[in-house]
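# A structural walkthrough
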Amino acid sequence: MRDAEQVDAALAQTVAELGPVRILVNNAGGVFASPLLETSENGWDALYRSNLRHVLLCTQRVARRLVADELPGSIINLTSIEGVRAAPGYAAYAAAKAGVINYTQTASFELAPHNIRVNAIAPDLTLTEGLMALSPDGPPSGIADGIPLGRAGHVDEIAGAAVFLASSMSGYLTGQTLHVDGGTRAAGGWYRHPQTGTATLGPGPT
């Protein structure tokens, strides 16, 4: 997804075998810890290429074909809660995810005259295959304490939002980022203390 020639080849093969691409979900990504003062230029580039470059590239290529064919479409970008809050130790990753959100807004405006909608989904902690491989017994205890719904999300819940954005049910929705995050974004730092259940902002009593 980071190589223009491979994207072009994959798109050409898809169109030849299945017809025009009307829905695009940009769901590739990757992350590793990268403290601000220690991140190398190669590290920055790797995180940009993994989390933002493919969104720019794939969106452009699919949108060009849709415009040429005079077809409507829906483009859905996966970003993250980290794109709208501080992410200590993950500055490059968070910056790339913030870029996805802004790109979604800008692309939605530029492509609106062509009836191509562009939206984003921003999950919080989600039980992906990669996460489960790292923690086969489930997320560590307490990891979801900061999420108002009190649990990690499931990939089917993220997929459900993508299906909605791909369908005509969201036909008047463009340029938006849906926070499928258990209420984290809305809470703005508030959470229920795991021992007392009291609404708490910032560090709570131990």
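The numbers attached to residues start from 1 for each chain and follow its sequence in the written order. Predicted model: local features are reported for residues with pLDDT of at least 70 only, side-chain atom pairs are reported and counted for 80 or more only, and whole-chain, interface and lining totals are derived from all residues. Computation of side-chain values: all heavy atoms of the structure, hydrogens and water removed.

The name an unreviewed UniProt entry assigns to the protein is NAD(P)-dependent dehydrogenase (Short-subunit alcohol dehydrogenase family), from the organism Mycolicibacterium lutetiense.

Let us now look at the sheet that holds strand β1 (residues 23-26). Should DSSP find at least two bridges between two strands, the strands are taken to pair. Per the convention used, a helix needs a DSSP run of H or I reaching at least four residues, while a strand needs a run of E reaching at least two, with both numbered from the N terminus. Spatially, the 4 strands line up as an open sheet ordered β1-β2-β3-β6, and their pairing is parallel. Each of the sheet's edge strands pairs with one partner strand only, and the pair in question is β1 and β6 (177-178). In what follows, a contact means two residues having at least one pair of non-hydrogen atoms within 4.5 Å. Convention adopted: a line fitted to C-alpha atoms gives each axis, helices being fitted over their contacting stretch, and angles between N-to-C directions are expressed from 0 to 180 degrees. On the sheet, helix α3 (residues 91-111) packs against β2 (73-78), β3 (116-121) and β6 and is oriented at approximately 160° with respect to β3. Here helix α5 (residues 155-166) sits on the sheet in contact with β1, β2, β3 and β6, set at roughly 165° to β3.

Right, let's talk about the layout of surface pockets for a bit. Here a cavity denotes grid points, spaced 1 Å and computed from the protein atoms alone, that fit a 1.4 Å probe unable to get out, and a pocket denotes an open set having protein on both sides within 12 Å along at least 5 of 7 lines; residues with an atom within 4 Å of a point are the lining. Grid points are joined across faces, edges and corners, and a volume is the space filled by probe spheres set on the points. Quantified by volume, the largest pocket comes out at close to 1200 Å³. The wall of the largest pocket is formed by 36 residues, among which Val31, Ser80, Tyr93, Asp124 and Thr128 lie closest to the centre. If you list the elements that add at least two residues to the lining of the largest pocket, you get α3, α4 (129-134) and α5. The biggest single contributor to the lining of the largest pocket is α5, with 4 residues. Estimated volume of the second largest pocket: approximately 200 Å³. Every element with two or more residues in the lining of the second largest pocket is listed here: α1 (4-18), β1 and α2 (41-69). In terms of residue class, the lining of the second largest pocket is made up of 10 nonpolar, 4 polar and 1 charged. Gly counts as polar in this scheme, as do all residues outside two lists: the nonpolar Ala, Val, Leu, Ile, Met, Phe, Trp, Tyr, Cys and Pro, and the charged Asp, Glu, Lys and Arg.

Time to look at empty space enclosed by the protein. Under the criterion given, the structure shown has 1 cavity of 30 Å³ or more. The computed volume of the largest cavity comes to approximately 70 Å³. If you go around the largest cavity, the residues you meet are Leu11, Val15, Pro20, Val21, Val62, Arg65, Leu66, Asp69 and Leu71. Among the elements that take part in the lining of the largest cavity, α2 stands out by supplying 4 residues, more than any other. In terms of residue class, the lining of the largest cavity is built from 7 nonpolar, no polar and 2 charged.

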